[in-house]
Number of protein chains: 2
Amino acid sequence: MNRIRNLDLDSNVLVCDAGCILQDLDNHLDHCHIGGNVSTNAGGIRYLRYGSLHGSVLGLEVVLADGTVLNNLSTLRKDSTGYDIKQIFIGAEGTLGVVTGVSIVVPQKPKSMEFSLFSHSMADPLSLEFDYYILIEIGGSNSAHDEQKFENLFNDLQDSGTIGDGILLQGGKAEKMWHLRESMIYSHNKFGQTLTFDISIPVAYMEDAVLEMRRKFADLEINRRFSSSPDAPHLRYVTGFGHLGDGNLHLNVVVDRYNAETTHIFETSIFEYAAGHHGSISAEHGLGSIKPEFLHFSKSPEMVAAMHKIKHAFDPNGILNPYKVLPTEQ
Amino acid sequence: MNRIRNLDLDSNVLVCDAGCILQDLDNHLDHCHIGGNVSTNAGGIRYLRYGSLHGSVLGLEVVLADGTVLNNLSTLRKDSTGYDIKQIFIGAEGTLGVVTGVSIVVPQKPKSMEFSLFSHSMADPLSLEFDYYILIEIGGSNSAHDEQKFENLFNDLQDSGTIGDGILLQGGKAEKMWHLRESMIYSHNKFGQTLTFDISIPVAYMEDAVLEMRRKFADLEINRRFSSSPDAPHLRYVTGFGHLGDGNLHLNVVVDRYNAETTHIFETSIFEYAAGHHGSISAEHGLGSIKPEFLHFSKSPEMVAAMHKIKHAFDPNGILNPYKVLPTEQ
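Residues numbered from 1 in each chain as written. Chains lettered and ligands numbered in written order. Predicted model: local features only at pLDDT ≥ 70, side-chain atom pairs only at ≥ 80, totals over all residues. Heavy atoms only, no water.

Turning our eyes to something else, we now look at the pairing of strand β10 (residues 235-243) of chain B. Both faces of the sheet carry side chains from a regular strand, because those side chains alternate between them. Residue and element names in this part refer to chain B. Pairing between β10 and strand β11 (residues 248-255): 8 bridges, direction antiparallel. By the bridge assignment, His-243 is partnered in β11 with Asn-248. Hairpin connection of β10 to β11: 4 residues between the antiparallel strands, including Gly-247 at a positive phi of 70 degrees. (Pairing = 2+ DSSP bridges. Helix = DSSP H or I, 4+ residues; strand = E, 2+ residues; numbered from the N terminus.)

Another aspect to go through is the nonpolar core. Core analysis: the biggest nonpolar cluster contains 119 residues, and Phe-89 and Phe-314 of chain A together with Phe-89, Phe-217 and Phe-314 of chain B have the highest contact counts within it. Residues within four places of Phe-89 of chain A in sequence aside, it is in contact with Val-38, Ser-39, Leu-60, Val-62, Leu-64, Leu-70, Leu-96, Gly-97, Val-99 and Phe-314 of chain A. (Core = buried A, V, L, I, M, F, W, Y, C linked by side-chain atoms within 4.5 Å. Buried < 20%, exposed > 50% of the residue type's maximum accessible area, 1.4 Å probe, protein only. Contact = heavy atoms within 4.5 Å.)

Here we take up the pattern of salt bridges. Residues and elements named next belong to chain A. One pass over the full model with this rule turns up 24 salt bridges over all chains. Glu-182 is paired through a salt bridge with Arg-181; the nearest N and O atoms lie 4.0 Å apart. Taking relative accessible area as the criterion, Glu-182 reaches 28% and is therefore assigned partly exposed. For Arg-181, a relative accessible area of 12% corresponds to the buried category. (Salt bridge = Lys/Arg side-chain N within 4 Å of Asp/Glu carboxyl O.)

With 67 residues of chain A at the contact, the number on the chain B side is 67 residues. Taken over both partners, the interface formed by chain A and chain B buries close to 5400 Å², and the fraction arising from carbon and sulfur atoms is 60%. Taken together, the links from chain A to chain B amount to 6 salt bridges. In this structure, the salt-bridge partner of Asp-79 of chain B is Lys-299 of chain A, at a minimum N-O distance of 3.2 Å. Linking chain A with chain B are 34 residue pairs in polar contact (both at pLDDT 80 or more), by the criterion used here. (Buried area = accessible area lost by both parts, 1.4 Å probe. Polar contact = N/O pair within 3.5 Å; in protein donor to acceptor, adjacent residues only side chain to side chain.)

On to the environment of Leu-70 of chain B. Tracing the backbone through its elements, the reader meets Leu-70 of chain B in strand β4 (residues 69-72). Separated by 16 residues in sequence, Leu-70 of chain B and Lys-86 of chain B have C-alpha atoms that sit 9.2 Å apart. Ignoring sequence-local partners within four residues, the contact set of Leu-70 of chain B consists of Glu-302, Met-303 and Ala-306 of chain A together with Leu-60, Glu-61, Val-62, Leu-64, Ile-85 and Phe-89 of chain B.

Next up on the list: the sheet that holds β4 of chain B. Residues and elements named next belong to chain B. Pairing is antiparallel in the open sheet, where 5 strands are placed in the order β1-β2-β5-β3-β4. Both edges of this open sheet fall to β1 (4-8) and β4, since each of them pairs with a single strand only. For this sheet the average axis-to-axis angle between neighbouring strands, irrespective of direction, equals 15 degrees. As defined by bridge partners, strand β2 (residues 13-17) adjoins strand β5 (residues 98-105) across 5 bridges and the pair is classed as antiparallel. (Axes fitted to C-alpha atoms, helices over the stretch in contact; angles between N-to-C directions.)

The next point concerns helix α7 (residues 206-222) of chain A. All names here are of chain A. In this model, α7 (17 residues) spans 25 Å end to end at C-alpha, consistent with the 24 Å of a helix rising 1.5 Å per residue. Turning to α7, its buried residues number three or more, namely Met-206, Ala-209, Val-210, Met-213, Phe-217, Leu-220 and Glu-221. The buried residues of α7 occupy one face: seen down the axis, they fall within an arc of 105 degrees. Where the residues of α7 are buried, they touch β10 (235-243), β11 (248-255) and α8 (260-276). Arg-224 occupies a position one or two residues after α7 and carries a positive phi of about 50 degrees. (Expected span 1.5 Å × (residues − 1). Arc of directions from axis to C-beta.)

Once chain A is rotated about the relating axis by 180 degrees and shifted along it by 0.0 Å, it coincides with chain B to within an RMSD of 0.0 Å. When the rotation and shift are considered jointly, the pair of chain copies conforms to a two-fold rotation axis. Looking at the rotation axis and the C-alpha trace of chain A, the residue lying nearest is Gly-55 of chain A, at 2.1 Å. Of the residues that chain A buries at the interface, 100% are likewise interface residues in chain B, meaning the two copies contact each other through the same surface. (Least-squares fit on C-alpha atoms with pLDDT ≥ 70 in both.)

Relative placement of two packed helices is described by the angle separating their axes and the distance separating the axes. Residue and element names in this part refer to chain A. The N-to-C vectors of α7 and α8 enclose an angle of 145 degrees; their axes lie 11 Å apart at closest approach. Seen from above, α7 lies across α8 with right-handed handedness. In this structure, α7 contributes Asp-208, Ala-209, Glu-212, Met-213, Lys-216, Phe-217 and Leu-220 to the contact, and α8 contributes Ile-265, Phe-266, Ser-269, Ile-270 and Tyr-273. Each residue belonging to the contact of α7 with α8 can be placed in one class, and the counts come to 8 nonpolar, 1 polar and 3 charged. (Left-handed = near helix turned anticlockwise from the far one by under 90°. Nonpolar A, V, L, I, M, F, W, Y, C, P; charged D, E, K, R; others polar.)

This part is about the domain arrangement of chain A. Domain annotation of chain A identifies domain 1 (4-105), domain 2 (112-181) and domain 3 (192-276). Placing a centre on the C-alpha atoms of domain 1 of chain A and another on those of domain 3 of chain A gives a separation of 33 Å. (Domains from an automatic or database assignment.)

Structural data, given as structure tokens:
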């Protein structure tokens, strides 16, 4: 169902079926159903500005395992009557109930949108290669103010030697830059099989995580310790990109061919790194059916037990999206 | 305990004991413990700008009914590993566990702070009386930009006849205005016993709620239908103030003396109004021990049943803050 049930432009609140597709500011980045966004607790590119779904979802309509319909499509920003039940369904991947309707704050599109690209070497950032690029989107209500603020920021960063160069883009060129950013994961596939990881770590470790995994996997590659099998894959690249402001790193390992044993080595190495740096093994893409067995890297046994309590309370027979999110109880 | 455990100024994340008092931007408005803020899901004056605690709390340390310590003091903005357990303790008023530590996003203080006051009559807003006043606080990084934006807004509102007058205040005068706003509830007590209500309703009904209750209670007063008792109280004022941007109305009934029977009439009238306008009977001050019996005005039987499921899962013997939040089960 993809019906808009109510749109209040005065208070910026939308109530709609879970099957609605909410397009983002540029009308081309997001083609997911809002119910899926909510159920996976999706973050995305503008999380830094607009925050978590736990803050912007105002209400949910949910069908429980016993058929009960929880009608909680509130449009109120403030409500402190009882437990905030909707929160447990955000990111539960359908294992506690099926989200069928969503009430959500939909911010107005900023009148002025600029887009800047910083790099830490001196030259046109797109005609030469650099070690790092940072994309910053600026949105406000006054284009002249926003450009002046960007200029001040640019001068500060250049004077302090933090960056080498930067450009300011608007309109179509800015859109192309977003497209480039969104295509990054697909470009990896030209160079081999790509294993993608989505971890959260303190921002200070985002560079170190890539360098450390690159060093570690190269070492394993050189010494052929990946696998006992003679057809163990060869490592091609270890790359990192993602959401610098959120500490959300997309870490990617490109190999010439898939191999389960080797994949397990990559997984445990990366998850151990995340766990060792107070990180999370899944920042914005949930656990699905692959990662429940790794949940212990991110959450203590007490936390996992608390999750099982909630699962038992809402789905005692385990009929909702089985084998997802939580590991099998010991 | 009021120990700061960690303060990361790069990522604006504070980890501290629940007993810490976080002072807000003006250092004089908030003297509550952060654990109490979290447990009551406090909103406050800057909710419109900084959003819900469900979005800004990153992690909690909670002691459960069986003595288990849930250590979930994450400092990560994005984490999608399992159910977001911390959410159920936000606003649970200690009935599911005792919050002992908090990890929270603490936004940087804006460099530039302005304060404006609009009224819908032409004159110095503070030397004459008006029907309505709106306070707006503006915070940004560039004082000249902020003042220009305020001027544009003011001109737009005046040209369209929305407002009659307005002033811009800074520094000490702005602080005094906040003080005035924060003292409003106390000033009622000079005129009698004040019964205060804290409801959430769509912004469009905030004026109507006050006028409608004023009309209804005046009618009851004139016809002396408040109470069968000869010493039934006399109505003095029905007033409203609050958070226009959030739809959070503080509705106050001033009477010459307290009377339980009359209070019940005020309560049910106001809660029925809120329920009839898709509102909530408690916006930001929880349910405590007084309002659980009124929970049905804001939440369906299915929602209340879901709350009981959570309560049973986490506090099966009902030892945590009994008689609070949830009504006695039928």
